Amino acid sequence: MPQHLKGHGGPVKSVALSADGTRALTASFDYSVILWRIEGDEATVEKRLEGHEAAVNDAVFAGRGRAVSVSDDGSLAVWDLAAGTMLARFQGDGQKVVDVAVSRDARYAASAGWDDTARLYDIEKMKEIAVLRGHRGNVNAVDFAPDGTHLFSASYDGTIRSWSVPDGAPIGEVYDNGWSVNVLRALAGGRLVFGGLDGSLGVIDIARGDLAKVLPRHERPVLALAVSADGERAASGDGDGRIRVFSTRDWALEEEFDNPYGPVWGLALSRDGSEALYAGLDDFVSFWQVAPRKPFETVEATVPRRFQVEGADLGARQFARKCSVCHTLTPDDGNRAGPTLYRIFGRKAGSVAGYHYSPALERADIVWSEETIARLFDEGPDVVTPGSKMPMQRIRSLEERDALIAFLKKATAPGAGQRRQGEAGKNEGRKEE
């Protein structure tokens, strides 16, 4: 397996492997999903799936050459992987959608949303079947029972609930963890493995509705779970970058890995669980050989990351913290959530070739200048560029706005934009400009 999957322009939120290990899907803050071809130690970008209007939080394979993804834009999308095109998009009520699951027969998909609901879809007929209400907080995770007859949902309210498939009728509460349940996976044998905000990790006997096994608690919130395709291993990842791998036969801890540059947001295991891919704040996915362990394991990361810069001047600091996740200053970048800001002054909004703009920004009659950029950060994108993909971002302080604009005037000028990303905190910016 390759050591890294490099191609995104922002932190990677999730990673999934196909059952045969020859393909991978990654979802990123840069608003895109990438389909990877994996051949031995090489990984190549096969398709870049673009169409979401905010960070993509999760993407999974959906059989028959399809994939399903969910986003901060409140939608679930179904993709044709061969063509790299969106087949359908289902829009919720605007709240972010953070998790997606597909039934084993690839007939149904389910999403977990921060509008306190889960949603059930028929992705053969391309229609929403039901909105599942009953949780008293954000729904963080969903998964189908292996036989496809039930859907499980986990919430910030601490509970795990069960729903019938395909009608979405409520069955009832399966378990109450007391603390938010962040992640959930359904296993064979009537079991669920879950991870909580408090670091709790456990296995539930669904029929009894109680803990069959309490696993070693993480010190930080559990943010990722993965199960190998053969069902023999499960892995958990947390906010500190710690990954643990367990045998699902007796739940013995087999291996543990520490990434000091955590957190772990996305996690995938190979078919037999001997290899893992993990993702987090970096713009790439990394490999860990679970078994047999290597005597020396290096972790690649650029620290501090471009949005974690300290000590730079005020303008550079504003750019790093508020803009750099989404934009670069270089003339040749096109993979971030937003286009390059190179030569932005005097440029018409929505005019960078090759960038996928929203219709609203393409139609906008705006030329970027000191005045229009100041207004953008003073009044907000919802006022200055309504309907665009730009996230809500305002700078109330006149001093900080002026410092940012002065920095951009220098850093985006011809020649200056050639400097490397992350240097002195100057990199990218919002979503569109």
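Above this text you will find the structure in question.
Residues numbered from 1 in each chain as written. Predicted model: local features only at pLDDT ≥ 70, side-chain atom pairs only at ≥ 80, totals over all residues. Heavy atoms only, no water.

**Q** It is not clear to me how the sheet that holds strand S1 (residues 4–6) should be interpreted in this structure. Could you clarify?
**A** Within a sheet, neighbouring strands are paired by backbone hydrogen bonds and run either parallel or antiparallel to one another. Read across the open sheet, the four strands follow the order S1-S28-S27-S26; overall the sheet is antiparallel. Single-partner strands in this sheet number two, and they are S1 and strand S26 (266–269). When the angles between neighbouring strand axes are averaged without regard to direction, this sheet yields 15°. Of the strand pairs in this sheet, strand S27 (residues 275–279) and strand S28 (residues 284–289) are connected by four bridges, and their pairing is antiparallel. Within the sheet, the bridge partner assigned to Ala276 lies in S28 and is Trp288. (Pairing = 2+ DSSP bridges. Helix = DSSP H or I, 4+ residues; strand = E, 2+ residues; numbered from the N terminus. Axes fitted to C-alpha atoms, helices over the stretch in contact; angles between N-to-C directions.)

**Q** I'm lost on the packing of helix H3 (residues 370–379) against helix H5 (residues 398–411) in this one. Help?
**A** Angle between the axes and distance between the axes are the two parameters that describe a pair of packed helices. At a minimum axis distance of 10 Å, the contact between H3 and H5 shows a crossing angle of 135°. Classified by the angle their axes make, H3 and H5 are oblique. The handedness of the crossing between H3 and H5 is right-handed. From H3, Glu370, Ile373, Ala374, Phe377 and Asp378 reach across to H5, where they touch Arg401, Leu404, Ile405 and Lys409. The residue makeup of the contact of H3 with H5, split by class, is five nonpolar, no polar and four charged. (Parallel < 35°, antiparallel > 145°, perpendicular 65-115°, else oblique. Left-handed = near helix turned anticlockwise from the far one by under 90°. Contact = heavy atoms within 4.5 Å. Nonpolar A, V, L, I, M, F, W, Y, C, P; charged D, E, K, R; others polar.)

**Q** Explanation requested: the environment of Ile171 in the structure shown.
**A** Checked against the element boundaries, Ile171 lands in strand S17 (residues 170–176). The spatial distance from the C-alpha of Ile171 to the C-alpha of Arg161 is 7.6 Å, given a sequence separation of 10 residues. Excluding anything up to four places from it in sequence, Ile171 contacts His150, Ser162, Trp163 and Ser164.

**Q** Help me understand a nonpolar patch on the surface in this model?
**A** On the surface, Tyr156, Trp179 and Leu197 cluster together into a nonpolar patch covering about 340 Å² of accessible area. For Trp179, the location among the structural elements is in the loop between S17 and strand S18 (181–187). (Patch = residues over 30% accessible without salt bridge, like charges linked within 9 Å, V, L, I, M, F, W, Y side chains within 5 Å. Areas by Shrake-Rupley, 256 points an atom, 1.4 Å probe, with all protein chains shown as cover. Salt bridge = Lys/Arg side-chain N within 4 Å of Asp/Glu carboxyl O.)

**Q** Can you help me understand the sheet that holds strand S6 (residues 56–61) in this one?
**A** The sheet built from four strands is open, its strands ordered S6-S7-S8-S9 with antiparallel pairing. For this open sheet the edge positions go to S6 and strand S9 (85–91), each flanked by a neighbour on one side alone. Neighbour to neighbour, the strand axes of the sheet diverge by 20° on average, direction disregarded. Inspection of the sheet shows strand S8 (residues 75–80) paired to S9 by six bridges, in the antiparallel sense. Each bridged residue has a counterpart across the sheet, and for Ala77 the counterpart in S9 is Arg89.

**Q** I would appreciate a short explanation of unusual backbone geometry in the present structure.
**A** Negative phi characterises most residues that are not glycine, and trans characterises most peptide bonds. For the peptide bond that leads from Gly262 to Pro263, omega is 10°, which places it in the cis range. You can see Pro263 is positioned in the loop between strand S25 (253–258) and S26. The residue after Ala291, namely Pro292, is reached through a cis peptide bond having omega -5°. Relative to the assigned elements, Pro292 resides in the loop between S28 and helix H1 (314–322). Positioned with a positive phi, Arg64 is a non-glycine residue whose angle comes to about 55°. Structurally, Arg64 is set in the loop between S6 and strand S7 (66–71). Look at Met126: it is not a glycine, yet its phi comes out positive at around 55°. Mapped onto the secondary structure, Met126 falls in the loop between strand S12 (117–122) and strand S13 (127–133).

**Q** I'm lost on the pairing of strand S19 (residues 191–196) in this one. Help?
**A** Burial within S19 is extensive, with five of its six residues counted as buried. Relative to S19, S18 is paired through six bridges, and the arrangement is antiparallel. Within S19, the position partnered with Leu184 by the bridge is Phe194. Connecting S18 to the next strand, S19, in antiparallel fashion are three residues, including Gly189 with a positive phi near 80°. In the sheet, S19 pairs with strand S20 (residues 201–205) via five bridges, with the strands oriented antiparallel. By the bridge assignment for S20, Leu192 is matched with Ile204. Here S19 folds back onto S20, and the loop between the two strands holds four residues, one of which, Gly199, carries a positive phi near 90°. (Buried < 20%, exposed > 50% of the residue type's maximum accessible area, 1.4 Å probe, protein only.)

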